[in-house]
Each structure stands twice: as structure tokens, then as C-alpha cells.
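# Architecture and fold: a report
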Amino acid sequence: TYAVVTRQPFLGKLRELVDWPGHFIRPMIRRMAPIMCNEVLFGLGDTMYLKAYGLLGSAALESYKVAFSVSMVPYVITFGVGSACSIIVGERLGRKDLQGAKDTVRWLLPISGAAAVLVSGVMILLARPAVGLFQFSTPELVDGTVLMTQLFSIRIATRLFNAIFLFTVRAGGDSLFLMFL
């Protein structure tokens, strides 16, 4: 707002900001389309989970929503670790150090496996106290939600390991392979 009100010279005309030549746009779309398709498919998969639990009734849906909320904490950590790995590998690839990138991935995969087991174990141990933060109508619902949270922790562990792999492949620019996976 300040830049517009004071008419800063770096702003330029609106047309300069949105009038991009085809030779600039086409390579970006070729890279972006598979990634967008990949993310849409992941979103559809998560939506199908929600739909399936909704068909089981309101109690199952309530348990799912609480378990999903609790499991989002390690899920965010998972994506942070994956992004960090992508940056580390991308930096090596940017220096055209292919062997260094391969070596980095070789030591990241075992570390991610160990981290996945650690995160899953902590999540299993903290499931009941975390679920206890929410109010439920029946004690049975609490037990079901704790179990679901513990099961989600196993899913999070596999996603952590996969995130390292997928983010490193994405750092290498092979978005079409990711979409296929």
C-alpha cells in the first residue's frame, strides 16, 4: 500500500507484471502441472478418508477430526523435515555436485527412518494426554480416538520416510515421476 500511495518507481505498470512471454511460461507450466496434479490427488485421498468416516456416523467422524488434529503436529514436522532435505539436496544439485547430492540422500534416508520411528513412538505415548485436551460425550469415544491417534502415528511415520524421498526427488526436478508415484 505504501509503495502504491507513494508511487515508488520499482512498481512499474500492471501490464509489465502480468504480460509474460510464452517461452517464459511454458517451462514453468511443464514443471508445475505434475506437482499440482500430485497435490490434488493427495487432497482427494484425504477427502475420501473424511467421507468414509462420515459414513460411519458422527461419533467416528468426531474421533477422526480430533485424531487428525492431534496428528497434524508431527505432520507439520514431517513437511518441515522434507522441505529441509529438499533444500539440502537442491543446494548440492545447484552446485552441479551430483555425487554429493546422492551421498546426502544416502545419509538422509536412514536418518529419516530413525526419525519416523521416534516421532511415531512419541506420538503413541502422548496420544491419550493429547486426546484428553478435547471434550467427548462418552468415555468409549475417548478410547476410540486414542486408538485412532495411535494408528495415525504409524501413518505419520511412513509419511515422514516418504517425505524425505519425495522431497529429494522434487529437488531434482522430476515432478512427472512424483505425479506417477
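Presented here is an overview of the structure given in this document.

### Quick notes on the overall build of the chain
What the chain contains, in helices and strands, is seven helices and zero strands. For the chain, the succession of helices and strands along the chain, N to C, is α-α-α-α-α-α-α. Taken against the 2.2 N^0.38 rule, which gives 16 Å for 181 residues, the C-alpha radius of gyration of the chain at 22 Å runs more than 25% over that of a compact globule. When its C-alpha atoms are laid out on the principal axes, the chain stretches across 65 × 50 × 35 Å. Here the chain holds 181 residues, and the buried ones make up 27% of them. Nonlocal contacts in the chain, meaning residues at least 24 apart in sequence, comprise 67% of its contacts between residues at least 6 apart.

### Here we look at helix 3 (residues 22-56)
For helix 3, built from 35 residues, the straight-helix expectation of 51 Å at 1.5 Å per residue is met to within 8% by its first-to-last C-alpha distance of 50 Å. The sharpest bend along helix 3 measures roughly 30° and falls at Ile29. Along helix 3, the residues classified as buried are Pro34, Asn38 and Tyr53. Trailing helix 3 by a residue or two, Gly57 shows a phi angle of about 120°, which is positive.

### Structural notes on the side chain of Thr104
When you line up the elements, Thr104 lands in helix 5 (residues 98-131). Look past the residues within four positions of Thr104 in its chain and what remains in contact with it is Ile88, Val89 and Arg92.

### Here's the deal with the nonpolar core
In this structure, Val66, Val70, Met123, Ala127, Ala130, Val131, Phe136, Leu141 and Val146 together form the largest nonpolar core, which totals nine residues. In terms of residues, this core owes the most to one element, helix 5, which gives four residues. Excluding its chain neighbours within four sequence positions, the residues that come into contact with Ala127 are Val146, Thr149 and Gln150. One finds Tyr53, Ala60, Tyr64 and Ala67 within the second-largest nonpolar core, a separate group that totals six residues.

### Re the layout of surface pockets
There is about 430 Å³ of room inside the largest pocket. Taken together, 19 residues form the lining of the largest pocket, with Asn38, Phe42, Phe79, Asn162 and Leu166 sitting closest to its centre. Counting residues per element, the lining of the largest pocket draws most heavily on helix 6 (residues 139-171), which supplies seven residues. When its residues are assigned to classes, the lining of the largest pocket shows ten nonpolar, five polar and four charged. The volume enclosed by the second largest pocket comes to roughly 150 Å³. When contributions to the lining of the second largest pocket are tallied by element, the ones reaching two or more residues are helix 4 (58-94) and helix 5. A per-element tally of the lining of the second largest pocket places helix 5 first, with six residues.

Scoring rules and cut-offs
- Residues numbered from 1 in each chain as written.
- Predicted model: local features only at pLDDT ≥ 70, side-chain atom pairs only at ≥ 80, totals over all residues.
- Heavy atoms only, no water.
- Helix = DSSP H or I, 4+ residues; strand = E, 2+ residues; numbered from the N terminus.
- Rg over C-alpha atoms; globule rule 2.2 N^0.38 Å.
- Buried < 20%, exposed > 50% of the residue type's maximum accessible area, 1.4 Å probe, protein only.
- Contact = heavy atoms within 4.5 Å.
- Expected span 1.5 Å × (residues − 1).
- Bend = angle between axes of the 7 residues up to and from the residue.
- Core = buried A, V, L, I, M, F, W, Y, C linked by side-chain atoms within 4.5 Å.
- 1 Å grid on protein atoms, 1.4 Å probe; cavity = no way out; pocket = protein on both sides within 12 Å on 5 of 7 lines; lining within 4 Å.
- Points joined across faces, edges and corners; volume = space filled by probe spheres on them.
- Nonpolar A, V, L, I, M, F, W, Y, C, P; charged D, E, K, R; others polar.

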